[in-house]
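Observations on chain architecture
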Amino acid sequence: MRSLDVFAWDKLAALEQQRLRRAPVVTERQGIYAERNGRRLLSFSCNDYLNLTHHPALIAAAVEATKHYGVGAGSSRLVTGNHPLYDELESRLARLKATETACVFGSGYLANTGIIPSLAGPDDLILVDELSHACINAGAKLSGANVHRYRHCDVEHAEALMAAHRANHPRALIVTDGVFSMDGDLAPLRELSRLAERFDAWLLADDAHGLGVVGGGRGSAFANGKAVDVPLQMGTLSKAIGGYGGYLCASQAVIDLMRTRARTFIYSTGLPPAVVAAAIAAIDVIEGDPGYAAEPLRKARNFARATNLPEPQSAIVPVIVGETDAVLAASQLLEEEGFLVVAIRPPTVPQGTARLRFAFTAQHPDGDVERLAELVRSRVLSR
């Protein structure tokens, strides 16, 4: 085994030299605060956009489900792990997304690596936005399809690729984030939907960072007031929903196919009942209080105005610093002032675009947002 350790240590040493070695830090979260290394910090690095992970209604639902159904599903959903709560969650997700039905997966990563290979194979064409999430690229690669990446949010480039390649493939799929996780911008879903219709392609939008935050809480396909026709609306239950899991909202035929062919659905143990119950309770909050769901975007826009940054389209505001050393220093500076804003480095983002990624939540105090903006304006952006 010595050669294995030598290989691992050599790789780690190279990453260390580039300041790209990573290690998890023990973090105790309580709402908007995170305790790290004995310090209590106001966190702007969490995707818990509606602060539902500690919401009393979600905790109560999870506790009650655990008492009734136990702590685990016990098997895959196609064996005995499909506990009764799944039906309610999937019907609620479908209603929220205005689709016929839905299918819940074990995580967002499992969803995309199961959905995409179930719809496309070696003879088919997939177009992927170049800044799409890693799990989209993984799913596209697993499919064996002919994959082309179009320039970020560039519909003309996507159209050119479609025109050049569509005739050579029986099926085509366009895949994009709805809200891009590192830039916070929205995909041009309406234009992509028209492109898909024109070339008889299928559009899949990953709404991990849109559900509960944009479009009145319904997500990126509803962001501009009128719903866009997105036949494959995928997302997660681990951001604004506050728990864990992934989903696909689509037609009955597509969902039945997923339950029969998606390997990550068939061969994964079902989610714990508590997680499913909490997700149902989270949807209650989102549907019952659209004004609350609008708070993260409002606070992100207040921050952007105070720092003279472009107006955000979501709760995510990136501040591009550039090089790895500089972004690590900026993150440390903010931590010394009581704010947790984790540095995002390559390969998560392209080389030369290391950044501070600010994620705003409904319960961030306006005064603290103002203080953070002043620090960023005077000590980060002024450098």
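Data block above holds the structure.
Quick summary incoming for the structure in this document. Numbering of residues starts from 1 in each chain and follows the order in which that chain's sequence is written. Predicted model: local features are reported for residues with pLDDT of at least 70 only, side-chain atom pairs are reported and counted for 80 or more only, and whole-chain, interface and lining totals are derived from all residues. Heavy atoms throughout the structure, all of them, feed into the side-chain values; hydrogens and water do not.

To pair, rings of Phe, Tyr and Trp, with the six-membered ring standing in for Trp, must have centres within 6.5 Å; the planes then decide the type, stacked if under 30 degrees apart, edge-to-face if over 60, and tilted in the middle. The final tally for this structure, using the stated rule, is 5 aromatic pairs. Ring centres of F44 and F360 lie 5.4 Å apart, and the angle between their planes is 70 degrees; on these two criteria the pair is classed as edge-to-face. Residue F44 is found in the loop between strand 3 (39–43) and helix 2 (56–69), and its partner F360 is found in the loop between strand 14 (354–359) and helix 14 (366–380); the two are separated by 316 residues along the sequence. Three labels apply to residues, based on accessible area from a 1.4 Å probe with only protein chains included: buried if under 20% of the type maximum, exposed if over 50%, partly exposed otherwise in between. A relative accessible area of 0% means that F44 is categorised as buried. Helix and strand assignments come from DSSP, with helices taken as H or I runs of at least 4 residues and strands as E runs of at least 2, each series counted from the N terminus.

With that settled, consider the side chain of R36. Along the polypeptide, R36 turns up in strand 2 (residues 33–36). Positive charge is attributed to Lys and Arg, negative charge to Asp and Glu, and no charge count is given to His or to the chain ends. For this analysis, a salt bridge means a side-chain nitrogen from Lys or Arg found within 4 Å of a carboxyl oxygen belonging to Asp or Glu. The side chain of R36 sits in the buried core without any salt bridge; E335 is the nearest counter-charge, 5.5 Å away. Here T27 takes part through its side chain, which lies 2.7 Å from a polar atom of the side chain of R36. Among all residues touching R36, those that are not within four sequence positions of it are V25, V26, T27, L340 and V342. Nitrogen and oxygen atoms within 3.5 Å of one another constitute a polar contact, given that in protein one can donate a hydrogen and the other can accept it, and given that sequence-neighbouring residues count only through two side-chain atoms. In what follows, residue pairs with any heavy atoms lying within 4.5 Å of each other are defined as contacts.

The strand order 11-14-13 describes an open sheet built from 3 strands, whose pairing is antiparallel. Looking at the sheet topology across the chains shown, the edges are occupied by strand 11 (316–322) and strand 13 (343–344). We treat two strands as partners when DSSP finds at least two bridges between them. In the sheet, strand 13 pairs with strand 14 via 2 bridges, with the strands oriented antiparallel. Bridging across to strand 14, I344 finds its partner in R355.

Right, let's get into the sheet that holds strand 3. What the 4 strands build is an open sheet, ordered 1-2-3-12; its pairing is mixed. Each end of this open sheet is capped by a strand with a single partner; those strands are strand 1 (28–30) and strand 12 (339–340). Where strand 3 lies against strand 12, 2 bridges are found, and the strand directions are parallel. In the strand pairing of strand 12, L42 is matched with F339.

Before going further, it helps to examine helix 14. For a helix, the expected span equals 1.5 Å multiplied by the residue count minus one. The first and last C-alpha atoms of helix 14 sit 20 Å apart over 15 residues, in line with the 21 Å expected at 1.5 Å per residue. Buried residues along helix 14 sit in contact with strand 3, helix 12 (295–307), strand 11, helix 13 (324–336), strand 12 and strand 14.

Moving on to the pairing of strand 14. Across the 6 residues of strand 14, 6 count as buried, placing the element largely inside the fold. Because side chains alternate across strand 14, one face comprises the buried residues A354, L356 and F358, and the other comprises R355, R357 and A359, equally buried. Across 6 bridges, strand 11 lies against strand 14 in antiparallel orientation. What sits directly across from V319, in strand 14, is L356.

Side-chain direction in a regular strand flips from residue to residue, so the side chains alternate between the two faces of the sheet. Among the 5 residues that make up strand 5 (residues 125–129), 5 are buried, leaving the element largely enclosed by the rest of the structure. Residues L125, L127 and D129 point to one face of strand 5 and I126 and V128 to the other, with burial holding for every one of them. Pairing of strand 5 with strand 6 (residues 146–150), which is carried by 5 bridges, proceeds in the parallel orientation. Considered in strand 6, the bridge of D129 is made with Y150. Viewed along the sheet, the connection from strand 5 through helix 5 (residues 134–143) into strand 6 turns out right-handed. Note that strand 5 and strand 7 (residues 172–177) share 4 bridges and pair parallel. Bridging from a neighbouring strand, L125 pairs with A172 of strand 7. Handedness of a crossover is defined as follows: with both strands directed away from the viewer, a clockwise route from the first strand across the helix to the second makes it right-handed.

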